Amino acid sequence: MRKKALITGITGQDGSYLAELLVSLQYDVHGMVRRVAAEDQRQRLSRIADHVQGGSVTLHQGSLESYPSICRVVQDIRPDEVYHLAAQSFVAASFEDEFSTMNTNINGVHFVLDACRRYAPEARVYFAGSSEMFGKAERVPQDEETPLHPRSPYGISKVAGFHLARYYRERNDPPLFVSTGILFNHESQRRGMEFVTRKITHGAARIAHGKADRLELGNPDARRDWGYAPDYVRAMWLMLQQERPDDFVVATGETRTVREFAEAAFESAGLNPGKHIVWNNPADLRPAEVDLLVGNPAKAYRVLDWRPAYGFRQMVNIMVRSDWYLVAKEK
């Protein structure tokens, strides 16, 4: 019998890649979306439109702010696996609207976990943690035992979700199979335009086509551990195939500055970054920057037998090439 999987956040970067992976593994894939996404399928469902239209993905209307709607979706599907990816995931926006970030990200996790406890207690659940939970990290690199010290409302909300996931895993009536993926930054051509990596690759493509002359960016020295999103969703799936639930850091173990990412992208587009990039734009600076975030994926290597298939340069080149064609098609 085919397994049934429910993905919240299926229209996002990670959700769309995960849906493709599960379809390829012969799952019945279900996604929960807000009503507005269901109404405007061409735009809001662009990442998964082919699968929805082809019938390999079934959508259900629900909201992270509504516990009854989540219960209804879980009760209707009775999934074998649940991947809770939906969240307000843009760190910069969390500084501007702390309250909705907390409401969506904390209550949403609580609602999903409790709905599974009530209506799908045998389901295996994945919670999307984040490297932003480490924030002002006490040691480098960070692993599953590194103390959490978030430096943004987004990071705080993810820490709360992490503890909720552990609580439902450890309670006795009955305990849920809940694994948390502490994923470090992972990018792709499906990344939202508001994220710095996509801002860079799309900006380079626009300059290469003569549609812009410069790109304004924030802190050039901010460092991140960047991987390729399709690699990381494979780690999510592997976590739910284990005998016992657990927490896993998923990362490359290598760190790069925003300047390095920008230079690689502009060179891939055949441009001189020094001629086109303006750094330290006040609008792009965080109120509180995290310290050096670089993950130690040794546990994922050992337990999940997971390895990233794509390197840093490969990822940047894929993103630039995709945006080059996207800009070329613009009127």
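Predicted, not measured: the structure shown is a model, and the values here were computed from it.

1. Focus on the overall build of the protein chain
Looking only at helices and strands, one finds 14 helices and 13 strands in the protein chain. Counting only C-alpha atoms and orienting by the principal axes, one finds that the protein chain spans roughly 60 × 45 × 40 Å. Within the protein chain, buried positions represent 53% of all 331 residues. Considering only intrachain contacts with a sequence separation of at least 6, the fraction spanning at least 24 residues in the protein chain is 80%. Put simply, the protein chain shows about 14900 Å² of open surface, and 47% of that area lies on carbon and sulfur atoms. Of the side chains in the protein chain, 42 bear a positive and 42 a negative charge, and the two mean positions are spaced by 3 Å.

2. Some remarks on the sheet that holds strand β2 (residues 28-33)
Strand order in the open sheet formed by seven strands is β3-β2-β1-β4-β5-β6-β11, and the pairing between neighbours is parallel. For this open sheet the edge positions go to β3 (57-61) and β11 (247-250), each flanked by a neighbour on one side alone. Geometrically, the sheet is characterised by an average inter-axis angle of 20° between neighbouring strands, direction not taken into account. As judged from the four bridges shared by strand β1 (residues 4-8) and strand β4 (residues 81-84), these two strands associate in the parallel manner. Along β4, the bridge assignment pairs Ala5 with Glu81. On the sheet, helix α1 (residues 13-24) packs against β1, β2, β3 and β4 and is oriented at approximately 170° with respect to β1.

3. Brief notes about helix α11 (residues 258-268)
Taken together, the buried positions of α11 are occupied by Val258, Phe261, Ala262, Ala264, Ala265 and Phe266. Tucked inside the fold, the buried residues of α11 contact α9 (196-208), β8 (215-216), β12 (256-257), α12 (273-276), β13 (277-278) and α14 (312-329). Of the residues one or two after α11, Gly270 is the one with positive phi, at around 75°.

4. With respect to unusual backbone geometry
Cis geometry marks the peptide bond from Val140 to Pro141; its omega dihedral reads -5°. Between Asp173 and Pro174 the backbone carries a cis peptide bond, its omega angle lying at -20°. Within the secondary structure layout, Pro174 lies in the loop between α8 (153-170) and β6 (177-183). The phi dihedral of Gln26 falls on the positive side, at around 70°, and the residue is not glycine. Tracing the backbone shows Gln26 in the loop between α1 and β2. With relative accessibility at 47%, the residue Gln26 sits in the partly exposed group. Phi at Asp305 is positive, roughly 55°, even though this residue is not glycine. Of note, Asp305 is situated in the loop between α13 (298-304) and α14. Classification of Asp305 as exposed rests on a relative accessible area of 61%.

5. A few points about the packing of helix α5 (residues 67-77) against helix α7 (residues 98-119)
Geometrically, a packed helix pair is captured by the angle between its two axes and the distance between the axes. Their axes nearest at 9 Å, the elements α5 and α7 cross at an angle of 45°. Between α5 and α7, the crossing angle belongs to the class labelled oblique. Viewed along their axes, α5 and α7 form a crossing whose handedness is right-handed. Contacts between α5 and α7 pair Tyr67, Ile70, Cys71, Val74 and Gln75 from the former with Phe111, Val112, Asp114, Ala115, Cys116, Arg118 and Tyr119 from the latter.

6. Examining the nonpolar core
Core analysis: the largest hydrophobic core is formed by 58 residues, its most contacted members being Ile7, Leu18, Val29, Tyr83, Tyr126 and Ile200. Per element, the largest residue contribution to this core is seven residues, and it comes from helix α10 (residues 229-239). If near-sequence neighbours (up to four positions away) are discounted, Ile200 is found in contact with Leu215, Leu217, Val258, Phe261, Ala262, Ala265 and Phe266. With 35 residues, the next largest nonpolar core counts Val74, Val82, Phe134 and Leu164 among its residues.

7. Considerations on the side chain of Arg169
Turning to its location among the elements, Arg169 is positioned in helix α8. Residue classification places Arg169 among the buried positions, given a relative accessible area of 15%. One polar contact links the side chain of Arg169 to the main-chain carbonyl oxygen of Val178, over a distance of 2.9 Å.

8. Some thoughts on the side chain of His276
Structurally, the position occupied by His276 is in helix α12. Only 2.7 Å separates the side chain of His276 from the backbone oxygen of Asp213, close enough to count as a polar contact. Apart from residues lying up to four places away in sequence, His276 is in contact with Ile207, Asp213, Arg214, Leu215, Phe266 and Leu271.

Thresholds applied
- Residues numbered from 1 in each chain as written.
- Predicted model: local features only at pLDDT ≥ 70, side-chain atom pairs only at ≥ 80, totals over all residues.
- Heavy atoms only, no water.
- Helix = DSSP H or I, 4+ residues; strand = E, 2+ residues; numbered from the N terminus.
- Buried < 20%, exposed > 50% of the residue type's maximum accessible area, 1.4 Å probe, protein only.
- Contact = heavy atoms within 4.5 Å.
- Areas by Shrake-Rupley, 256 points an atom, 1.4 Å probe, with all protein chains shown as cover.
- Lys, Arg positive; Asp, Glu negative; His and termini not counted.
- Charge placed at Lys NZ, Arg CZ, Asp CG, Glu CD.
- Pairing = 2+ DSSP bridges.
- Axes fitted to C-alpha atoms, helices over the stretch in contact; angles between N-to-C directions.
- Parallel < 35°, antiparallel > 145°, perpendicular 65-115°, else oblique.
- Left-handed = near helix turned anticlockwise from the far one by under 90°.
- Core = buried A, V, L, I, M, F, W, Y, C linked by side-chain atoms within 4.5 Å.
- Polar contact = N/O pair within 3.5 Å; in protein donor to acceptor, adjacent residues only side chain to side chain.

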